[in-house]
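Next come the chains, spelled out residue by residue.
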Amino acid sequence: MVQGRDKDPEESRGTPFKEDLSTRMMPGLAARRMGTGLTESPTPAAPAAPDVPPPDVAKQEVHPRPAPTSGRLAEGTVLQGRYRILGVLGSGGMSTVYKAQDLRFPKVQRFCAVKEMLNTATDPRVRALMMQNFEREASILATLSHPAIPQVYDYFTEGDRAYLVTELIPGKDLEALLHETEGFFPEAQVVQWAIQICDVLTYLHTRTPQPIVFRDMKPSNLMLDDQGRIRLVDFGIAKVFQSGEKGTMIGTEGYSPPEQYRGVAEPRGDIYALGATLHHLLTKQDPRLEPPFTFHKRPIHQYNPAISAELQEIISRALEYDIQKRFGSAEEMKRALLSLKSARGLAATAYMPTPEGVRPDALKVIWQFACEDEVRSSPCIHEGILYVGAYDNNLYALDAETGKFLWKYATEGGIASSPAVADGRVFFGSTDGSLYALNAETGRLMWTYPTKARIYSSPRVQFGHVFIGSDDRHLYAVNTITGRMAWSVETEGAVRSTPATGSDAIYVGDEEGVLHAVGVNGRLIWRFRARRAITSSPAVGQDLLYVGSQDWFVYALDLRAGWVVWRYRTDGPVISSPAVAGDTVFVGSADGHLYALDATNGYLVWRYRTGGQVTSSPAVYQGAVYVGSVDGYVYSLDAQTGQLRWRFQTGGPVVSSPRVANDIVYVGSLDHNVYALPI
Amino acid sequence: MERPSPRPRLTVGWATDVGRQRSHNEDTVLIAELEQAGYYGTPSTALLVLADGMGGHLAGEVASALATRAAAQHILQACLTLLPIREHSASEPSLKEVLIEAFQRANELVTERVPGGGTTLLCALILGNRAYIANVGDSRAYLVSPEGCRQITRDHSIVDIMVELGQMTSEEAVHHPQRNVLYRAVGQRGPLEVDTFLCHIPPGGVLLLCSDGLWEMVSEEEMVQVVATSSSLQEACDILVEKANQAGGKDNISVILAAPPEIVDSEFHWPEI
């Protein structure tokens, strides 16, 4: 519920509706599960709402009273000589709902729901108001006759308690169903429910002399009875519509239309809440956990790509902030729903995001160069020359602009390591176990440094040294000029991750899952142990270090303390190395997605699904992010929205990470080629 | 014998005041400084908590006090366990999880003990020059630096959303009768969503936490000016409260100012292994 803080008594005073006066105080009315409810839902009832005077009352020095649970009816109690209490179905706000047996029908077992309202207010004005609200609710319900609306049998008062006796609906509410169901509801199913809801809303909205606004549409107020029909329960705040009348802000957080906060209740508010309910049912994203009125920020297809664009359009229209832009009536919305393929039992066509003006597959290659084996290494571009390693044992130097071959250097093993250039030298490791330094211009060998096992890690050059890991379980620091080792650090597992450097430290992961933070002098600063291998290379941000692990998580660690600041779980091993740009971290996962996460708190900004594992590491350039996938494509996405800009198909999986220089994207493929593509 | 130079310390100032129009102060302020030297050391650490309670009949002050204590207890416990170590693992809770869990506990406690009451809750854990911030409600955290004032948190108020959606200007929001209507607060029943932030405090920068009793009364320009011209952070806090009162003091006023130590890179003096 909304919060009316008693800043200014004049501002916050209003006429509370329903029995649930206390909810006016606090957000989270959503947690109130039962009202006039005729639910026999197995969902556990929320704890009984504590009985506290509403703020207006509190100002009149009314003292808090004991919780109403103490006043619950015992099993076996008989009300009015007719209704035998069998047990509590639920409670919330200031009411309790019991299952009862109607003794007027002794030959058969006729069950009913008895809603009891405890009038605990001591202030006579509030007491009277609460009774009036109850009676109004009862009399509205009693006049209604619709298959989706539970029938009212009786209402009466006893002392300071009021009772409403209604039909007992066996079944489950949609919120409970939502929690129990794995995966998503089929579109056709949700559309059928939506059509039924539109029918009952049409009935309510066309009552005379005044339309009835339900005001509390949400999954937990929609029961699916044992015949699979939708029933609308809890008319607690249903209100006789009076055009333009200003009331108290009330409603269910997350589903309520914007105008409800201004105290306006009208039929098109129910249409908004229906839109919100459908959005929740289709995406499983609970709107009560999101800022209000922000559905447009969570497009349905982002969570559930199986939903048709047409249904999404209908829901978007129901969720328009501006009341005039919504459907004019529930009848109009129903007609739109009926026009859907999924309403006629036809298979829905899934939403395919194809941004306007973009032809994703029509990209022209600038040049391509064929090596003699797979290119897993990522290219490095320096002063117009592209360096790249291949599994044919060679390091290639190509003209970055034309792709013309300049020279190559053969090692004794395949090259998975991505080269780095500094001080006129190109550095790279080979699976023959050595770290090589070549003259960057001529390809002449300057020196080699042999390690004791294969090298898959890539060199990082900083502080006058090359840092590189080896399968011999060491991180090495080698002088760039002399090729002499300055120090080595023993790790727990093979080091295939590429070291990252901060202002005074080097960070690298190993195949045993340990991330090492080492000072420039080679001394350990801290370590972090993930649950599986850290093959991903760390990325250094201003205060945090980002790294992926094969334990499926992306971790952000405090650079100085090694403390986990946040972690994000993907649905597969994270071998891809994160790229940080501004406030966003981009990283791929073997679950097939490229993720964009908020760098400071790890919230998902967007994710994009490719057709295969994403082990390639993303590159960010001028508002676009580039990444390869095992599905053979190179993708270019809008860095802000995750929308596809273009994709380019190579002849094999792309595990190499793209590099961008001078408006050209360079990337290798397992089809043996290096490609140069326009950004 | 040469004594080592003292380690640079965090500086903190704070103030809380009932204001001019309320009969009691529903705000709660908590400051905890944590310093540990020795084989297992911590960086200069401080936990700052500010809560603005609501609900009549003592509910507001009780809610803000309980929430503050519950959150601080949880966060400090985690700091003492996790900070002075150099071998971390994935089995530890992340800092974000610690902060969120602290808020959940506060929420459960307030819901249970103070029905009808609620509170905003703002926590900042300062580690060296990084501030890890968690927030629910409309108390605010700002970074005040020579370059100006930047609001870090966002208010969980209906008017804030209206402004974001372009339905209202910021000007209109300031005077809107429902500007105090929150859609999230500690003490709400059901799940509580918590915002978390990381703020890098640059040299010369000061972290400012305050309740709406300050930010509704004193402009951001004034805050910057007061911080820049005061002789100490404590003096700045006192002046800010005075200014809010001069402007009407419509609500309780609370403010915390904190500046990290000047030198942060030497914060770790790990022994050699």
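Asker: Is there a simple way to explain the overall build of chain B in this structure?
Answerer: Within chain B, the regular secondary structure consists of seven helices and twelve strands. A compact globule built from 273 residues should have a C-alpha radius of gyration of about 19 Å, and chain B, at 19 Å, falls within 12% of that. Projected onto its principal axes, the C-alpha positions of chain B cover 65 × 45 × 35 Å. Burial statistics for chain B: of 273 residues in total, 52% are counted as buried.

Asker: Help me understand the confidence of the model for chain B in this model?
Answerer: Should pLDDT be low for a region, the predicted coordinates there are not to be read in detail. All names here are of chain B. When pLDDT is averaged across chain B, the result is 88; 92% of the residues are at 70 or more. Per-element mean pLDDT across chain B ranges from 81 in helix α4 (residues 170-175) up to 98 in strand β11 (residues 206-210). Residue range residues 264-273 is modelled with pLDDT below 50. Its contacts to residues more than four positions away, or to other chains, number 15 contacts. Interface scoring of the predicted complex returns ipTM 0.87; its pTM is 0.76.

Asker: Looking at this structure, how should I read the sheet that holds strand β40 (residues 644-649) of chain A?
Answerer: Within a sheet, neighbouring strands are paired by backbone hydrogen bonds and run either parallel or antiparallel to one another. All names here are of chain A. A sheet is described by the order of its strands in space; here four strands give the open sequence β37-β38-β39-β40, paired in antiparallel fashion. A single partner strand is all that each edge strand has here, and the edge strands are β37 (619-621) and β40. Going from strand to strand, the sheet's axes swing by 20° on average, the running direction of each strand aside. Across five bridges, strand β39 (residues 633-638) lies against β40 in antiparallel orientation. Bridging across to β40, S636 finds its partner in W646.

Asker: Where do I start with the sheet that holds strand β33 (residues 579-581) of chain A in this structure?
Answerer: Residue and element names in this part refer to chain A. The four strands are arranged β33-β34-β35-β36 in an open sheet whose pairing can be described as antiparallel. What marks the edges here is a single partner per strand, and that holds for β33 and β36 (604-609). Each neighbouring strand pair of the sheet contributes to a mean axis angle of 20°, computed without reference to strand direction. Here strand β34 (residues 584-588) pairs with strand β35 (residues 593-598) via five bridges, running antiparallel. Considered in β35, the bridge of V585 is made with L597.

Criteria and thresholds
- Counting restarts for each chain, with residues numbered from 1 along the sequence as it is written.
- Think of it this way: whatever chain is written first is A, whatever ligand is written first is 1, and the rest follow in order.
- With the structure being a predicted model, the display of local features is reserved for residues of pLDDT at least 70 and the display and counting of side-chain atom pairs for 80 or more, all residues being used for whole-chain, interface and lining totals.
- Under the scheme used here, helices are H or I runs from DSSP no shorter than 4 residues and strands are E runs no shorter than 2 residues, and both carry numbers assigned from the N terminus.
- Here the radius of gyration uses the C-alpha set of atoms, whereas the globule reference equals 2.2 Å times the residue count to the power 0.38.
- With C-beta atoms placed from the backbone, a residue is labelled by how many other C-beta atoms lie within 10 Å of its own: buried for 20 or more, exposed for 12 or fewer, partly exposed between the two.
- Confidence of the predictor at the level of single residues is captured by pLDDT, which takes values from 0 to 100.
- Residue pairs qualify as contacts under a 7 Å threshold applied to their C-beta atoms, which are placed from the backbone.
- When DSSP locates at least two bridges between a pair of strands, those strands are taken to pair.
- Only the stretch in contact is used when a helix axis is fitted, and all axes are lines through C-alpha atoms; the angle between N-to-C directions ranges over 0 to 180 degrees.

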